[in-house]
Amino acid sequence: MSSLFDPMTIRDVTFSNRIWVSPMCQYSAIDGVATQWHDVHIGSFATGGTGLIMMEATGVVPEGRISTACLGLWNDAQTERLKPIVDFAHSMSTKIGIQLAHAGRKASCLPPWSDHPMASKEEGGWDCVAPSAISFGGKYPVPKALTKEEIQELITAFANSAKRAVSAGFDLVEIHAAHGYLIHQFLSPISNEREDEYGGSFENRTRFILEIARAVRSAIPNGMPLFVRISASDWLEDGWTIDESVELCRLLKDVGVDLIDVSSGGTSSGAPVPVGPGYQVPFATRIRNEAKLPTCAVGLITESKQADQIVKNGEADAVMMAREFLRNPRWPLQAAKELNADVNWPNQLIRGKG
Ligand SMILES: Cc1cc2nc3c(=O)[nH]c(=O)nc-3n(C[C@H](O)[C@H](O)[C@H](O)COP(=O)(O)O)c2cc1C
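Note that the structure is predicted; figures quoted are calculated from it, not measured.

Asker: Describe the environment of Val 13, listing the residues and the values that go with them.
Answerer: Position of Val 13 among the secondary structure elements: in strand 2 (residues 13-15). With 241 residues separating them along the chain, Val 13 and Asp 254 place their C-alpha atoms 20 Å apart. Those residues within four positions of Val 13 in sequence are excluded, and the remaining contacts are Met 8, Lys 95, Asp 171, Gly 223 and Pro 225.

Pasting the structure below:
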C-alpha cells in the first residue's frame, strides 16, 4: 500500500512523492519562447515540495499552439530558454516534465483574457488543421483536413520536440492526447470522419497516437519515462468511450508508454460532464486495473486526505492538481503537515515549517 508522500520510480526517474502539478497553459510566451512569468510560475511550484511539475501544453509546430501566446518547442531559442527553468526545478530536487501538444481545430486562439477569442492573421493567427473539416463550433473556424503526408510530418514533429525536451534537461515528456486537441480529434468519431486508414474503425482512429507514441519513445532515452494524457470519455453517446480508452492504454503500454494521465472531455463544449470532487478518478482506476499500467488521477482533487486516499486505495498511483496549485503553489508543504508526512522543505523556507 502506497501513500501520497511515498516516492515512486518509473524507469530511471524517482519522484519524491505522488502529488504532481498538472499542466497549465499560461498564455505568457512570446513566439513560443518562455518568459519571466514561466520562471516564477514554475519556480513557485519547485519550491513547494511537489514530486513533479508538468509544464503546459507546448506546441510541436507553430500551428499546434492553442494560442498565439502558448509555449513551443520547435526551435533552438525555445529550447534554450527552457533550460534555466528545468535547472531551477532540479536545484530544488523536483522532477519536471513537458507536455507536447498540437491543438488541431482548437488552435489559433488569443489568451482567454483578450476581448475576443480567435487570433486574426494580423494578430498572429493561422489556418487550423484537423483530421476532418469539422468545426469545434462557436467562434472556431472550419479546419482543413490533414493529408497523409502532413500527418507523417506531425508525427516527426512530435519526435523532434521530444528530442529538444531531452536536450533541455526535462526528466520526462507527456504526449497531450486529451481535451479535444488534435490527437483526441483523431480518436473521437465526433471529430474524425476520415475514410482512409486514420479514420473509421478503432484501429484506424488510434493509429495516429500509436505512431506518435512509438516515434517519441524512440526519440528519448530508454531511461526516460513517457506519459500520455487522455480524455477517458467524451461524455457523449456517439463519442470516445472509457472502454475504448482501456483498450487504447493496453496498446500504449505495448509501445513503451509508462503512465496514463487520466482526464476527460473536450470534444464538445455541450457535453454533460458530471463535475464534482474526484469525478475522473474512477476512469484512472479502471485503466490502472484493466490495462495494467500506472495512472495518475486529476480533476477536483483539493484535499490532502482525499488525495492520500486515492493513492492508498490503489485508485491511482499519483494525483495531479491544477487550480488548487494556482491558489497555493506550495500546497504539498501544507498537505505534509496535515498528513504527518515528511517532505523536502527548501532551506530558505524552513522557518515556515513550524
Ligand atoms: C489555467 C489552466 C490551464 C490549463 N492548461 C492545460 C494544459 O496545458 N494541458 C492540459 O492537459 N490541461 C490543462 N488544464 C487542465 C488541468 O491540467 C486539469 O486537468 C484541470 O484543471 C482539472 O484539474 P483541477 O480540478 O485540479 O484544476 C488547464 C487548467 C487550467 C486551470
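What follows continues from the structure just given.
Asker: Give me the lowdown on the pairing of strand 9 (residues 226-231), citing residues and values where you can.
Answerer: The side chains of a regular strand alternate, first on one face of the sheet and then on the other. With six of six residues buried, strand 9 is to be regarded as a mostly interior element. In strand 9, alternate side chains face the same way, and those of Leu 226, Val 228 and Ile 230 on one face and Phe 227, Arg 229 and Ser 231 on the other are all buried. Pairing of strand 8 (residues 172-177) with strand 9, which is carried by five bridges, proceeds in the parallel orientation. Paired with Glu 174 across the bridge in strand 9 is Phe 227. Across five bridges, the pairing between strand 9 and strand 10 (residues 259-263) is parallel. Its bridge partner being in strand 10, Val 228 is matched across the sheet by Ile 260. Once the chain exits strand 9 it traverses helix 7 (residues 242-254) before rejoining the sheet at strand 10, and the crossover so formed is right-handed.

Asker: Can you explain the nonpolar core? Please cite residues and give values.
Answerer: Of all hydrophobic cores here, the largest spans 88 residues; its most connected members are Leu 82, Ile 175, Phe 208, Ile 260 and Ile 287. With residues near it in sequence (within four places) discarded, Phe 208 still touches Ile 151, Leu 154, Ile 155, Leu 182, Ile 183, Phe 186 and Tyr 198. Core analysis: the next-biggest nonpolar cluster, separate from the first, contains 14 residues, Leu 52, Met 54, Cys 296 and Val 298 among them.

Asker: Residues and numbers for the site of the ligand, please.
Answerer: As a structural note, the neighbourhood of the ligand is formed by 16 residues, with Ser 22, Pro 23, Gln 99, Leu 300 and Arg 323 the closest of them. Here Ala 57 contributes a backbone N or O atom positioned 3.0 Å from an oxygen atom of the ligand. Residue His 176 places a side-chain N or O atom 3.3 Å away from an oxygen atom belonging to the ligand. For the ligand, whose unbound accessible area comes to 600 Å², protein coverage reaches 83%. Taking a 2 Å distance to the grid points as the criterion, the majority of the atoms of the ligand fall inside the largest pocket. Class assignment for the residues of the shell around the ligand results in eight nonpolar, five polar and three charged.

Asker: So what about helix 7? Which residues, and what values?
Answerer: End to end, helix 7 covers 19 Å across 13 residues, agreeing with the expected 18 Å (1.5 Å per residue, within 8%). Looking only at helix 7, the buried set comprises Ile 242, Glu 244, Ser 245, Val 246, Leu 248, Cys 249 and Leu 252. Packing partners of the buried residues in helix 7 comprise helix 4 (182-187), helix 5 (202-205), helix 6 (207-219), strand 9, strand 10 and helix 8 (281-290). A positive backbone phi angle near 100° is found at Gly 256, which sits one or two residues after helix 7.

Asker: So, the side chain of Thr 35: which residues are in play, and what are the values?
Answerer: Here Thr 35 shows up in the loop between strand 3 (19-21) and helix 1 (36-46). Judged by its relative accessible area of 17%, Thr 35 is buried. Thr 35 has contacts with Ser 28, Ala 29, Ile 30 and Arg 81, leaving out every residue within four places of it along the chain.

Asker: If you had to explain the layout of surface pockets to someone new, which residues and values would you point to?
Answerer: Rolling a probe over the atoms, with the probe sized like a water molecule, indicates the empty space that remains. Estimated volume of the largest pocket: approximately 1100 Å³. Lining the largest pocket we find 45 residues, and of these Pro 23, His 179, Tyr 181, Arg 229 and Ser 263 sit closest to its centre. Mapped onto the lining of the largest pocket, the elements with two or more residues apiece are strand 4 (52-59), strand 12 (318-321) and helix 10 (323-327). A per-class count over the lining of the largest pocket returns 24 nonpolar, 15 polar and six charged.

Asker: Give me the state of the cysteines: which residues, what numbers.
Answerer: With the rule as written, the count across this model stands at zero disulfides. The closest cysteine sulfur to the non-disulfide-bonded Cys 109 is located on Cys 128, 7.4 Å from its own sulfur. Unpaired in terms of disulfides, Cys 249 finds its nearest cysteine sulfur in Cys 296, a separation of 11 Å.

Asker: Explain the pairing of strand 5 (residues 95-101) to me, using residue names and the numbers behind them.
Answerer: Of all seven residues in strand 5, six are buried; the element is thus mostly enclosed. Where strand 4 lies against strand 5, seven bridges are found, and the strand directions are parallel. Opposite Leu 52, over in strand 5, you have Lys 95 as the bridge partner. The parallel pair strand 4 and strand 5 is bridged by helix 2 (residues 76-91), and the resulting crossover is right-handed. Here four bridges tie strand 5 to strand 8, and the two strands are oriented parallel to one another. When the sheet's bridge partners are listed, Gly 97 is paired in strand 8 with Leu 172.

Asker: Residues and numbers for the packing of aromatic side chains, please.
Answerer: Taken as a whole, this structure holds ten aromatic pairs when the rule is applied. Ring pairs connect the aromatic residues Phe 15, Trp 20 and Phe 227, which therefore count as one cluster. The ring centre of Phe 136 lies 4.5 Å from the NZ or CZ of Lys 106, which sits over that ring.

What counts, and where the lines are drawn
Residue positions are given per chain, counting from 1 as you read along its sequence in written order. Only residues with pLDDT of at least 70 get local features here, since the model is predicted, and only at 80 or more are side-chain atom pairs given and counted; chain-wide, interface and lining totals rely on the full set of residues. Side-chain descriptors were evaluated using all non-hydrogen atoms of the structure, hydrogens and water having been removed beforehand. For helices the rule is a DSSP run of H or I covering at least 4 residues; for strands it is a run of E covering at least 2, with both sets numbered from the N terminus onward. The contact criterion used is simple: two residues touch if any of their non-hydrogen atoms lie within 4.5 Å. Type-normalised accessible area, obtained with a 1.4 Å probe on protein chains alone, sets the label of each residue: buried when under 20%, exposed when over 50%, and partly exposed for intermediate values. At least two DSSP bridges between two strands are required for those strands to pair. With strands facing away from the observer, any crossover in which the path from the first strand over the helix to the second runs clockwise is taken as right-handed. Residues belong to a common nonpolar core when they are buried Ala, Val, Leu, Ile, Met, Phe, Trp, Tyr or Cys residues joined through side-chain atoms within 4.5 Å. Think of it this way: one heavy atom of a residue within 4 Å of a molecule or strand is enough to make that residue near it. For this analysis, a polar contact is any N or O atom pair within 3.5 Å, provided that within protein one partner can donate a hydrogen and the other can accept it, and provided that sequence-adjacent residues contribute only side-chain to side-chain pairs. Per-residue and other accessible areas were derived by the Shrake-Rupley procedure at a 1.4 Å probe size, with only the shown protein chains allowed to occlude residues. Definitions used for this entry: grid spacing 1 Å over protein atoms alone; cavity, a set of points where a 1.4 Å probe fits but cannot get out; pocket, an open set with protein on both sides within 12 Å along at least 5 of 7 lines; lining residue, one with an atom within 4 Å of a point. Assignment of a molecule to a cavity or pocket requires that more than half of its atoms lie within 2 Å of the corresponding grid points. Throughout, the ten residues Ala, Val, Leu, Ile, Met, Phe, Trp, Tyr, Cys and Pro are labelled nonpolar, Asp, Glu, Lys and Arg are labelled charged, and all others, Gly among them, are labelled polar. One less than the residue count of a helix, multiplied by 1.5 Å, gives the span that helix is expected to have. Grid points are joined across faces, edges and corners, and a volume is the space filled by probe spheres set on the points. We call a pair of cysteine sulfur atoms a disulfide when they lie within 2.5 Å. The criterion for an aromatic pair is that two Phe, Tyr or Trp rings (for Trp, the six-membered ring) have centres within 6.5 Å, with stacked assigned to planes under 30 degrees apart, edge-to-face to planes over 60 apart and tilted to the rest. Either the NZ atom of lysine or the CZ atom of arginine qualifies as a charge over a ring when it sits within 6 Å of the ring centre and within 35 degrees of the ring normal.

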